[in-house]
2 protein chains.
Amino acid sequence: MGEFEWIRHLWEPLGRAVTHPAVRQGIGDDGARLVVPAGHELVLSVDTLVEGGHFLPSIDPRDLGWRALAVNLSDLAAMGATPVAYTLALTCPGVSAPWFESFAAGLEELSRAHGIQLVGGDMTRGPLTLTLQVHGIVPENQALLRSGAGPGDLICVSGDLGAAAEALNWLESATDNADVAAVLARYHRPEPRVALGEQLRGQASAAIDISDGLLSDLGHVLRASGVGAEIDADRLPLNPAMLALAGRERALELALGGGDDYELCFTWPGTPATLEALLGDEHRVAVIGRITADTGLKLFDRGEPLTIGAAGHDHFRE
Amino acid sequence: MGEFEWIRHLWEPLGRAVTHPAVRQGIGDDGARLVVPAGHELVLSVDTLVEGGHFLPSIDPRDLGWRALAVNLSDLAAMGATPVAYTLALTCPGVSAPWFESFAAGLEELSRAHGIQLVGGDMTRGPLTLTLQVHGIVPENQALLRSGAGPGDLICVSGDLGAAAEALNWLESATDNADVAAVLARYHRPEPRVALGEQLRGQASAAIDISDGLLSDLGHVLRASGVGAEIDADRLPLNPAMLALAGRERALELALGGGDDYELCFTWPGTPATLEALLGDEHRVAVIGRITADTGLKLFDRGEPLTIGAAGHDHFRE
């Protein structure tokens with residue numbers, strides 16, 4: 001099939017399977033049209049996944065579809081935005097219809113969970129490369145930024161950390177160990193924290209999603225806000241399966257430096273009690289430290305200074 | 001340099017060099033934020049260029065920057081939208097600082113001409129692939145669609161046709177022939193017809209940009225509108241340099257079937273006089289035929305039926 005047949009066979013049906021009322025026109029013209037409700041801003045973010053760099057050729061295409069959308073939705077979550085629409089620019093060599101259909105099924109599964117509509121894209125021949133752009137809306141001036149953290153704010157992390165980084169050691173293994181299965185599931189099917197981001201908007205002082213590793217990503221918040229931080233490593237929410245596989249010392253390294261977890265790291269300008277009052281029991285959040293006026297990041301473990309080699313991930317440098 | 005250094009060194013300065021008031025936040029957070037003026041819709045379109053498929057490795061990176069943005073702006077023109085912001089997802093192998101800087105200079109040159117701001121992107125390692133997404137605004141319900149053409153409407157084309165297709169024969173030639181230079185310039189530096197699109201919105205009955213060839217792209221309009229067309233080949237605006245190089249017979253084929261011209265094809269529900277009253281002398285537009293109630297596309301040359309093999313371009317199929 002050529003591009004136009006694939007559009008009719010696969011992408012137009014996907015664009016009709018999950019719809020959003022802010023989409024006035026989806027796939028099928030030179031561009032899509034969105035309306036943004038009064039008093040709202042449009043938030044957009046784009047991420048590329050390249051075969052070999054971001055995933056292995058052996059990945060299940062259904063997981064790849066999920067993951068490609070998840071890493072983008074995670075950016076909307078970090079902005080506190082509500083998902084509306086996405087585009088897919090798919091560059092691929094001659095691949096099979098089952099591959100395409102499975103990939104699209106993974107996209108559909110996660111897009112359904114978040115009500116985000118496919119509104120356009122492009123299909124080109126070349127080495128497998130996926131660029132997705134997501135679009136969300138947020139009430140004016142309530143977006144979560146990197147630049148708002150202030151001294152004394154609590155530093156918080158959603159979910160748990162380190163599983164995706166540990167999974168990199170097991171991507172091509174054939175073991176049926178339950179811990180291995182658990183970390184692989186976290187790697188292949190990250191859960192973007194969209195609902196948490198929506199609850200935090202207009203409330204948290206800063207936020208970022210943890211794609212390149214906690215220290216690296218928190219570093220962006222500290223630089224943008226002109227502040228520093230103290231982190232208590234013993235308060236890090238370690239993924240239990242990862243901890244069982246890696247042991248405590250390496251678990252701390254993975255939780256601090258490992259990428260691909262797609263949890264949120266945010267700063268809270270209040271107390272643990274006011275945070276709990278906002279979130280209730282709906283979201284698992286750990287307080288792992290505090291923002292300081294002094295710049296730089298200080299790590300402690302059980303009250304003692306901790307030195308660690310983790311530097312975060314830069315896909316382009318590697 | 002890694003991704004973060006390139007962002008600081010090149011992309012953030014480019015994002016500040018050309019700014020748009022609808023951009024509330026550009027490069028530097030998990031997402032960009034746009035405001036859409038009341039009574040307007042946001043229009044978005046995405047296009048990928050792959051080395052080897054859409055351009056040769058020998059292309060001047062400055063031309064590549066221009067061209068990558070031009071082909072995307074052309075989609076906004078075809079929607080009648082006013083450019084606001086764009087994103088750049090750049091996948092590339094280890095390339096040099098001069099290459100990056102020259103590429104960015106080409107982007108900046110065209111973005112300055114259209115006042116469109118770079119607001120985000122991604123940089124990844126891999127085979128050279130560029131995905132740009134452009135965002136524009138259009139007054140509500142005035143966007144130019146493919147679906148509005150009606151029987152009796154005039155079929156019109158901006159500028160002239162065939163030069164870019166002829167240029168494909170000369171991409172690696174060393175001649176200093178003026179006609180060759182002219183067609184190569186049209187290929188490397190297409191001029192998106194943004195101002196024409198803005199004038200036509202709310203007025204023309206349908207529009208598309210000619211990226212894959214007039215017959216192929218007009219075919220999309222005919223299908224979307226449920227109509228047919230009669231085209232007079234002798235009224236096609238043939239690019240003069242292309243005509244000199246190709247001769248009349250092949251010139252007609254290139255004008256009808258060749259891609260990459262990025263002119264607008266639109267339908268006009270009025271007379272040549274009412275069209276001229278709208279456009280004045282500002283835009284060169286040729287009337288090349290008429291929409292018919294009978295579906296199918298009929299070609300004539302000097303009153304006689306014309307048969308031609310051109311089928312339009314499908315980058316994915318090839």
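Please refer to the structure placed before this passage.
Remember, predicted model here, so these are calculated numbers, not experimental data. (Residues numbered from 1 in each chain as written. Chains lettered and ligands numbered in written order. Predicted model: local features only at pLDDT ≥ 70, side-chain atom pairs only at ≥ 80, totals over all residues. Heavy atoms only, no water.)

### Focus on the packing of helix α2 (residues 61–79) of chain B against helix α3 (residues 97–114) of chain B
All names here are of chain B.
Inference 1: Where α2 contacts α3, the axes come no closer than 6 Å and their chain directions differ by 40 degrees. It follows that α2 is oblique to α3 by the angle criterion. Crossing geometry of α2 relative to α3 is assigned as right-handed. Where α2 approaches α3, its residues P61, R62, L64, G65, W66, L69, A70 and L73 are matched on the opposing element by W99, S102, F103, A105, G106, L107, E109, L110, S111 and H114. (Axes fitted to C-alpha atoms, helices over the stretch in contact; angles between N-to-C directions. Helix = DSSP H or I, 4+ residues; strand = E, 2+ residues; numbered from the N terminus. Parallel < 35°, antiparallel > 145°, perpendicular 65-115°, else oblique. Left-handed = near helix turned anticlockwise from the far one by under 90°. Contact = heavy atoms within 4.5 Å.)

### Examining the sheet that holds strand β12 (residues 296–301) of chain B
All names here are of chain B.
Inference 1: Judged by pairing direction, the sheet is mixed, and its seven strands sit side by side in the order β8-β10-β7-β11-β9-β12-β13 without closing on themselves. The open sheet has two edge strands with one neighbour each: β8 (206–209) and β13 (304–305).
Inference 2: Sheet topology places strand β9 (residues 228–232) next to β12; five bridges connect them, and they run parallel. What sits directly across from D232, in β12, is F300.
Inference 3: Along the sheet, α2 makes contact with β8 and β10 (264–268), crossing β8 at roughly 175 degrees. (Pairing = 2+ DSSP bridges.)

### A closer look at the side chain of D47(A)
Inference 1: Counting through the fold element by element, D47(A) comes out in strand β3 (residues 40–50).
Inference 2: Residue contacts for D47(A): discarding those within four places in its chain leaves V71(A), N72(A), D75(A), L130(A), T131(A), L132(A) and D122(B).

### Topic: the sheet that holds strand β4 (residues 82–92) of chain A
Paired through backbone hydrogen bonds, the strands of a sheet run either parallel or antiparallel to each other.
Inference 1: Strand order across the open sheet formed by six strands is β5(A)-β4(A)-β6(A)-β3(A)-β2(B)-β1(B), with mixed pairing between neighbours. Looking at strand neighbours, the two that pair on one side only are β5 (117–125) of chain A together with β1 (23–25) of chain B, the edges of this open sheet. Recorded for the sheet is a direction-independent mean angle of 20 degrees between the axes of neighbouring strands.
Inference 2: Judged from the nine bridges that link them, β4(A) and strand β6 (residues 129–139) of chain A form a sheet pairing that is antiparallel. Bridged to A89(A) within β6(A) is T131(A).
Inference 3: Its contacts with the sheet put helix α3 (residues 97–114) of chain A on β4, β5 and β6 of chain A, and the angle it makes with β4(A) is roughly 165 degrees.

### Examining helix α2 (residues 61–79) of chain A
Residue and element names in this part refer to chain A.
Inference 1: The first and last C-alpha atoms of α2 sit 28 Å apart over 19 residues, in line with the 27 Å expected at 1.5 Å per residue.
Inference 2: Here α2 lies mainly inside the structure; 18 of its 19 residues are buried.
Inference 3: The N-terminus of α2 is capped by D60, whose side-chain oxygen sits 2.8 Å from the backbone nitrogen of R62.
Inference 4: Positive backbone phi, at 75 degrees, marks G80, one or two positions downstream of α2. (Expected span 1.5 Å × (residues − 1). Buried < 20%, exposed > 50% of the residue type's maximum accessible area, 1.4 Å probe, protein only. Polar contact = N/O pair within 3.5 Å; in protein donor to acceptor, adjacent residues only side chain to side chain.)

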